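Given next are the chains, with one letter for each unit.
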Protein chains: 2
Amino acid sequence: MTMQDQVKANIIRGIRKLLLNSHSMSKAEITEALSISFPTVSKFIQEMVNRGEVLSLGLLPSAGGRRARNFAFNPDFVHTLLVYLEKEETKYVITDAFNKKIQEDAVESFLKQDPRALSAFLRTKLIDDPSIRTIAMGIPGAVNGDVISYIPGYPLYANQNMRDILNLPVEIIIENDMNAAVIGYQNRKGLSSDASLVYIYMGANGPGAGILINGKLVKGHTMFSGEISFIPINDNNRFLPESGFDLEDERFIALISKLIQTISALLNPSQIIFHQSEVNELFLNKVNENVRRYFPSEHLPELYVSDWDKDYKEGLWDIAKSKLCEMSF
Amino acid sequence: MTMQDQVKANIIRGIRKLLLNSHSMSKAEITEALSISFPTVSKFIQEMVNRGEVLSLGLLPSAGGRRARNFAFNPDFVHTLLVYLEKEETKYVITDAFNKKIQEDAVESFLKQDPRALSAFLRTKLIDDPSIRTIAMGIPGAVNGDVISYIPGYPLYANQNMRDILNLPVEIIIENDMNAAVIGYQNRKGLSSDASLVYIYMGANGPGAGILINGKLVKGHTMFSGEISFIPINDNNRFLPESGFDLEDERFIALISKLIQTISALLNPSQIIFHQSEVNELFLNKVNENVRRYFPSEHLPELYVSDWDKDYKEGLWDIAKSKLCEMSF
DNA sequence: TAAACTTATTAAAGTAGTTTAATAAGTTCA
DNA sequence: TGAACTTATTAAACTACTTTAATAAGTTTA
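This one's a predicted model, so the numbers in the text were calculated from it and none came from an experiment.

### Description of the nonpolar core
Ranked by size, the top nonpolar core spans 68 residues in total, and within it Ile200(A), Phe274(A) and Ile200(B) carry the most contacts. Leu19(B), Ile36(B), Phe71(B) and Ile173(B) belong to the second largest nonpolar core, which has 43 residues in total.

This is the structure in structure tokens:
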């Protein structure tokens, strides 16, 4: 990719990102936001209008002079198919360019079946809605590029290159569910793009964490990061609540306290987030108080509860949206 | 900074980086390495030669056709003053553009004195060698931009903006010593620019770690990352070897094993590095064997010993070199 | 040893974003 | 209500990197 192709790609990505994150904008606003010249914005917007990607929305109220023309991303220029592969069921959502639901449903879990069954199912969705240009999938396993490198319990998906095996005529993006959730949280809360966050999920199949450092996902050398059940907090050299998830139990409080202390000492993130169905404010207050006895409080992260499902849903969309900004139409 | 200024800065940075990392290069080699056109390289090299930044070194042997002209960065175009602020003494090195030592000495520690004493000292060095354009300082404390945000034991330096208080007519860069060491290690070993490494130092004043994730230093929300003494491995909710640093002692082996297990479970780095004066191969083998009992061995990092002093020295230079590539002359 | 081939460099034409000037379309105020 | 001002858009001149062509300076081979 030559240097001016990169410049061009940068401009298009910038314009798309702005338009996808706001209802509508004028050329002057885009010029200002991207620090590029008005004529350049004008040229690119014209091209985007020509190919139906951007809609010209008429005139904005005057700001003291000639009224500016208003532009918005065409919601139906591209649709996205978001697929959530879960143990009990496979959820999917078809959304427009602004993440507005067009169709939503849950079907039998494909994780227990051959991936080709999933491929066939997705193909029917692509035929029903030819506007779909991207499929983003969330997976309860480790992802390395297009490959599922580790997915306990679902051998049919282990070490599969999903792009190859699904073999569909659209962009395929896969991501680990915890990683998607932490990205979703970051965006839902409007946190900075270089945030450092750790999202903790106790889960039925053992705990896990999604880790974002300097705004980038921490995947690890062998895609094994965030496997907090292997932190040797208990006597058995693991981190697993033998006492169960009893929010009143002192032992459970001590366990989570040590986890937080460990993460804080090593990474010093600004926030640690828990699933709202797993902990409550009272519990976190107790934990917070407990950790302060052993750790300087000015360096402790904020402890928050959040809605994991919402964060996960949003996160997968954010990942798809980033891809959308990169695509060429 | 407008878009084409960025393009220009990118090109200059690219050329400098190449020339500073190789003895000499032809224009064609630079063209190839940077994916920019020959005439553009030619233009920039010409400018750099004109201002004395680059030397024209004559003709290379023929590769089957017309012989190419050979270019190299002028070693004496800029000198750098590297300052290592340590407890017992302050070391400094003046180096040329290829990190060749021009002058080296150790003087009384400035950490116990007012920073203005350091300023006066550095000023004499700048007068002695007017080629010095950058001062890079390594500090046993947390650094946030130009500010020393935390430095136990040296209250005169705490919360000082070093750029302001030193008030010198050159670029000032400060970095934590552990962070510099991990960068130095990365470069000395020629590791990839997105490596994930943890450098562990037991130290006299308590242990610390320099953490590099996806090629970026992890500094933490309040510059408190890597404070591994606060990891609650012992019963007292800390990580401090009560048994002393006895490499034969089972308790010490267990302690380090748990530290490695913790780091691996959370971050899954490719390497964990120890100081060669603190551990030995035999000890690390024992630790490695120990961790494998509780942690999947395919996800364990490689354990290495390295020369901390060399890594630190090299790291501070690498940081200064990066700055040098950004500067305008 | 001269024609054919290779590689490096320079020159000229092409492409794409920026800057500046001109024009269009509003608002404000005497 | 029209002169002065404000903001948006378009047009033209400018700048800078790329591409292609021409030239320079070697090597190889019949």
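### Some thoughts on unusual backbone geometry
Residue and element names in this part refer to chain B. A positive phi angle, near 50°, is found at Asn 167, a position not held by glycine. Position of Asn 167 among the secondary structure elements: in the loop between α5 (162-166) and β10 (171-176). We classify Asn 167 as exposed; its relative accessible area is 53%. In the Ramachandran plot, Asn 214 falls in the positive-phi region, its phi being about 50° despite a non-glycine side chain. With respect to the helices and strands, the residue Asn 214 is situated in the loop between β12 (208-213) and β13 (216-217). By relative accessible area, which is 27% here, Asn 214 ends up partly exposed.

### Things to note about helix α7 (residues 250-267) of chain A
The α-helix winds at 3.6 residues per turn, so residues separated by three or four positions along the chain end up facing the same way. All names here are of chain A. Compared with the 26 Å implied by 1.5 Å per residue over 18 residues, the 25 Å span of α7 between its first and last C-alpha is a close match. For α7, the tally of buried residues reaches 14 of 18 residues, placing the bulk of the element in the interior. Measuring from the side-chain oxygen of the N-cap residue of α7 to the backbone nitrogen of Arg 251 gives 2.7 Å; that N-cap residue is Asp 249. Backbone geometry just after α7 places Asn 268 at a positive phi near 50°.

### A word on the relation of the copies chain B and chain A
With an RMSD of 0.0 Å, the fit of chain B onto chain A corresponds to turning through 180° and sliding 0.0 Å along the axis. Put plainly, the chains are arranged around a two-fold axis. Among all residues of chain B, the one whose C-alpha sits closest to the rotation axis is Ile233(B), at a distance of 3.5 Å. Most of the interface of chain B is mirrored in chain A: 98% of its interface residues are interface residues there too.

### A short note on the protein's contact with DNA strand D
Gln4(A), Arg69(A), Ser37(B), Thr40(B) and Lys43(B) are the nearest of the 24 residues found near DNA strand D. Put simply, 73% of the atoms of DNA strand D that lie within 4 Å of the protein are in sugar or phosphate. Side-chain polar atom of Thr40(B) to a phosphate oxygen of DNA strand D: 2.5 Å apart, as the coordinates give it. Of all elements in the fold, only α1 (3-20) and α3 (38-50) of chain A together with α3 (38-50) of chain B reach the threshold of two or more residues within the surface near DNA strand D. It is α3(B) that provides the largest number of residues to the surface near DNA strand D, a total of four residues.

### What to know about the pattern of salt bridges
If charged atoms from side chains of opposite charge come close, those side chains can pair. Residue and element names in this part refer to chain B. A full pass over the atoms with the stated rule returns 22 salt bridges over all chains. The partner of Asp 146 in a salt bridge is Arg 163, and the shortest N-O contact between them spans 2.8 Å. Within this pair, whereas Asp 146 is found in the loop between β8 (142-144) and β9 (147-150), its partner Arg 163 is found in helix α5, the two being separated by 17 residues in sequence. On the basis of relative accessible area, Arg 163 is assigned to the partly exposed category, the value being 32%.

### A short note on the protein's contact with DNA strand C
Neighbouring DNA strand C are 24 residues, the closest being Ser37(A), Thr40(A), Lys43(A), Arg66(B) and Arg69(B). Counting only atoms of DNA strand C within 4 Å of the protein, the fraction found in sugar and phosphate groups is 73%. Separating a base nitrogen of DNA strand C from a backbone N or O atom of Gly64(A) is a distance of 3.4 Å. Listing elements by their share of the surface near DNA strand C, those giving two or more residues are α3 of chain A together with α1 (3-20) and α3 of chain B. With four residues, α3(A) is the largest single contributor of residues to the surface near DNA strand C. Its residues placed into classes, the surface near DNA strand C shows nine nonpolar, nine polar and six charged.

### Here we look at the pairing of β12(B)
Residues and elements named next belong to chain B. With six of six residues buried, β12 lies mostly within the body of the structure. Burial along β12 is two-sided: Gly 208, Gly 210 and Leu 212 and Ala 209, Ile 211 and Ile 213, pointing in opposite directions, are all buried. Looking at chain direction, β12 and β13 are connected through two bridges and run antiparallel. Bridge assignment links Ile 213 to a residue of β13, and that residue is Lys 216. Counting the residues that bridge the hairpin from β12 to β13 gives two residues, and of these Asn 214 lies at a positive phi of roughly 50°.

### Quick word on the interface of chain B and chain A
In this assembly, 43 residues from chain B lie in contact with 42 residues from chain A. Summed over both partners, the interface of chain B with chain A comes to about 3,600 Å²; 66% of that surface belongs to carbon and sulfur atoms. For the pair chain B and chain A, the number of links is zero salt bridges. If you look at where chain B meets chain A, you find 20 residue pairs in polar contact (both at pLDDT 80 or more). Residue composition of the side of chain B that touches chain A, grouped by class: 22 nonpolar, 15 polar and six charged.

### With respect to the packing of aromatic side chains
This structure, assessed with the given rule, holds 26 aromatic pairs over all chains. A ring pair is formed by Trp308(A) and Tyr312(A), whose centres lie 4.8 Å apart and whose planes are at 45°; its orientation type is tilted. Of the two residues, Trp308(A) and Tyr312(A) are both situated in helix α9 (residues 308-326); the distance of four residues between them amounts to about one turn of the helix. The same class applies to Trp308(A) as to Tyr312(A), namely buried. Taken together, the ring pairs connect Tyr84(A), Tyr201(A), Trp308(A) and Tyr312(A) into an aromatic cluster. Lying across the ring of Phe230(B), Arg238(B) places its NZ or CZ 4.1 Å from the centre.

Rules used in this analysis
Residues numbered from 1 in each chain as written. Chains lettered and ligands numbered in written order. Predicted model: local features only at pLDDT ≥ 70, side-chain atom pairs only at ≥ 80, totals over all residues. Heavy atoms only, no water. Core = buried A, V, L, I, M, F, W, Y, C linked by side-chain atoms within 4.5 Å. Buried < 20%, exposed > 50% of the residue type's maximum accessible area, 1.4 Å probe, protein only. Helix = DSSP H or I, 4+ residues; strand = E, 2+ residues; numbered from the N terminus. Expected span 1.5 Å × (residues − 1). Polar contact = N/O pair within 3.5 Å; in protein donor to acceptor, adjacent residues only side chain to side chain. Least-squares fit on C-alpha atoms with pLDDT ≥ 70 in both. Contact = heavy atoms within 4.5 Å. Near = heavy atom within 4 Å. Salt bridge = Lys/Arg side-chain N within 4 Å of Asp/Glu carboxyl O. Nonpolar A, V, L, I, M, F, W, Y, C, P; charged D, E, K, R; others polar. Pairing = 2+ DSSP bridges. Buried area = accessible area lost by both parts, 1.4 Å probe. Phe/Tyr/Trp six-rings, centres within 6.5 Å; stacked < 30°, edge-to-face > 60°. Lys NZ or Arg CZ within 6 Å of the ring centre and 35° of its normal.

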